[in-house]
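What the coordinates show
Residues per chain are reported as follows:
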Amino acid sequence: MNYRRLTPSMSLLLAFEAAARHESYTRAAQELALTQSAVSRQVQSLEALLGITLFRREGRNIVLTDVGRLYRRELDGALTQIRKATLQAVAYGSGVGTLRLALLPTFGSKWLLPRLNDFYATNPGVQVHIHSRIQAVDFDEDDIDAAISVGSADQPGLVVHPLLEEMMIVVASPDALAEHEQDDPAAIARQLLLQVASHPPLWADWFARHGLNPDQMRAGPNFELTSHLIQAVRAGIGVGLVPRLLVEDEVRQGHLVTVGETIPSQRTYCLVYPPRNEVLPSLEAFKSWLLPMPVER
């Protein structure tokens, strides 16, 4: 196999990509600061190298062939990765850059984002791009530098920095319970029990810790997002067993009341990333800011 044929020069690829995106040699030439004939020649050279036809003429217009459309789709992803790698290299050289951070949606909005302005105040050269993720991040497939996730502190193949233990508390709408019931765990047995689908089933543990009969549990709806469950509790649909740190505002404002004591979920919020990303200045800056931060237990 001729490897030169499999690795066309960047000038040929950029000419094809621009022409394919615009379906016009003229607009591609304007974008690349070349002449129309130069772009046309480069595309023809690429076609000759590959032995395929990438465009066909329709009157005065050019249209991608089927194989041209396939080649463009695959090439788009490769060029995007090259550009991102270049940006990361430039950022490393300058000591600043961007951090692509995956977060659980409710944790991000309730815990991290209210604190993030302090990070920007001390790290004005770094931008943190937030990506919501419910499932675990695949750092080999996802375009992510680091994540704050909840789970085991032992995650093979990743660098893991524990942040805080997840503590769970039962919350209810003040209107769902009589005032004398708001400190009575037994009142929960008469309510629908709401839960986040991806969370470990802790209601049985909570009932046992408070001396209640698990046979009294009334299973209610499951929710994908903790924020949706919290809204359902506020609406009086049922009661929820949620991470305490995610409902502190609602409890302080009187929109929700807590019932019983907190219980540990055996999970930990952690900053995680693959070892190869330790060299990123943006990650080093974020880690240096995040890890010493006092957190409520």
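Residues numbered from 1 in each chain as written. Predicted model: local features only at pLDDT ≥ 70, side-chain atom pairs only at ≥ 80, totals over all residues. Heavy atoms only, no water.

1. Some thoughts on the layout of surface pockets
In this structure, the largest pocket encloses a volume near 520 Å³. Lining of the largest pocket is provided by 31 residues; of these, Leu-104, Arg-133, Ile-134, Val-150 and Ser-198 occupy positions nearest its centre. At the level of elements, β3 (97-103), α6 (105-122), β5 (146-151) and β10 (257-273) are the ones that each hand at least two residues to the lining of the largest pocket. It is β5 that contributes the most residues to the lining of the largest pocket, 5 residues altogether. Tallied by class, the residues present in the lining of the largest pocket amount to 19 nonpolar, 8 polar and 4 charged. Taken together, domain 2 (97-165 + 269-291) and domain 3 (166-264) each give at least three residues to the lining of the largest pocket, which thus spans both. (1 Å grid on protein atoms, 1.4 Å probe; cavity = no way out; pocket = protein on both sides within 12 Å on 5 of 7 lines; lining within 4 Å. Points joined across faces, edges and corners; volume = space filled by probe spheres on them. Helix = DSSP H or I, 4+ residues; strand = E, 2+ residues; numbered from the N terminus. Nonpolar A, V, L, I, M, F, W, Y, C, P; charged D, E, K, R; others polar. Domains from an automatic or database assignment.)

2. Quick notes on helix α4 (residues 36-50)
Count 3.6 residues to each turn of an α-helix, and residues three or four apart come out pointing the same way. Taking 1.5 Å as the rise per residue, α4 with 15 residues should run 21 Å; its terminal C-alpha atoms sit 21 Å apart, in good agreement. Within α4, the full set of buried residues consists of Ala-38, Val-39, Ser-40, Gln-42, Val-43, Leu-46, Glu-47, Leu-49 and Leu-50. Downstream of α4 by one or two residues, Gly-51 has phi in the positive range, about 75 degrees. (Expected span 1.5 Å × (residues − 1). Buried < 20%, exposed > 50% of the residue type's maximum accessible area, 1.4 Å probe, protein only.)

3. Remarks on the nonpolar core
Within the largest apolar cluster, 28 residues are counted, with the highest numbers of intra-cluster contacts made by Leu-101, Phe-107, Leu-112, Ile-148, Tyr-269 and Phe-286. Among residues more than four places away in sequence, those in contact with Leu-101 are Leu-112, Val-128, His-129, Ile-130, His-131, Ala-146, Ala-147, Ile-148, Leu-271 and Phe-286. Counting 20 residues, the second-largest nonpolar core is a separate cluster that includes Leu-12, Val-39, Ile-62 and Leu-75. (Core = buried A, V, L, I, M, F, W, Y, C linked by side-chain atoms within 4.5 Å. Contact = heavy atoms within 4.5 Å.)

4. Topic: the pattern of salt bridges
Tallying each qualifying case throughout the model produces 12 salt bridges. We note a salt bridge from Glu-31 to Arg-21, for which the minimum N-O separation is 2.7 Å. Note that Glu-31 is positioned in helix α3 (residues 25-32) and Arg-21 in helix α2 (residues 10-22), a separation of 10 residues in sequence. According to the relative accessible area criterion, Arg-21 is partly exposed, its value standing at 35%. Across the pair Asp-145 and Arg-100 runs a salt bridge, and its minimum N-O distance is 2.7 Å. Of this pair, Asp-145 sits in the loop between β4 (126-132) and β5 while Arg-100 sits in strand β3, and the two are 45 residues apart along the sequence. Just as Asp-145 is buried, Arg-100 falls in that class too. What you see here is one network of salt bridges that share partners, running through Glu-17, Arg-21 and Glu-31. (Salt bridge = Lys/Arg side-chain N within 4 Å of Asp/Glu carboxyl O.)

5. Quick word on the packing of aromatic side chains
In the structure shown here, the tally under the stated rule is 12 aromatic pairs. Between Phe-107 and Trp-111, the aromatic rings sit 5.1 Å apart at their centres with planes inclined by 20 degrees, giving stacked as the arrangement. Of this pair, Phe-107 and Trp-111 both sit in helix α6, separated by 4 residues, roughly a single helical turn. Relative accessible area serves as the criterion here: at 1%, Phe-107 is assigned to the buried category. Taking relative accessible area as the criterion, Trp-111 reaches 1% and is therefore assigned buried. Through a chain of ring-to-ring contacts, the aromatic side chains of Phe-16, Tyr-25, Phe-55 and Tyr-71 assemble into a single cluster. (Phe/Tyr/Trp six-rings, centres within 6.5 Å; stacked < 30°, edge-to-face > 60°.)

6. With respect to the domain arrangement of the chain
When the domains of the chain are assigned, the result is domain 1 (3-78), domain 2 (97-165 + 269-291) and domain 3 (166-264). For domain 1 versus domain 3, the distance between C-alpha centres works out to 59 Å.

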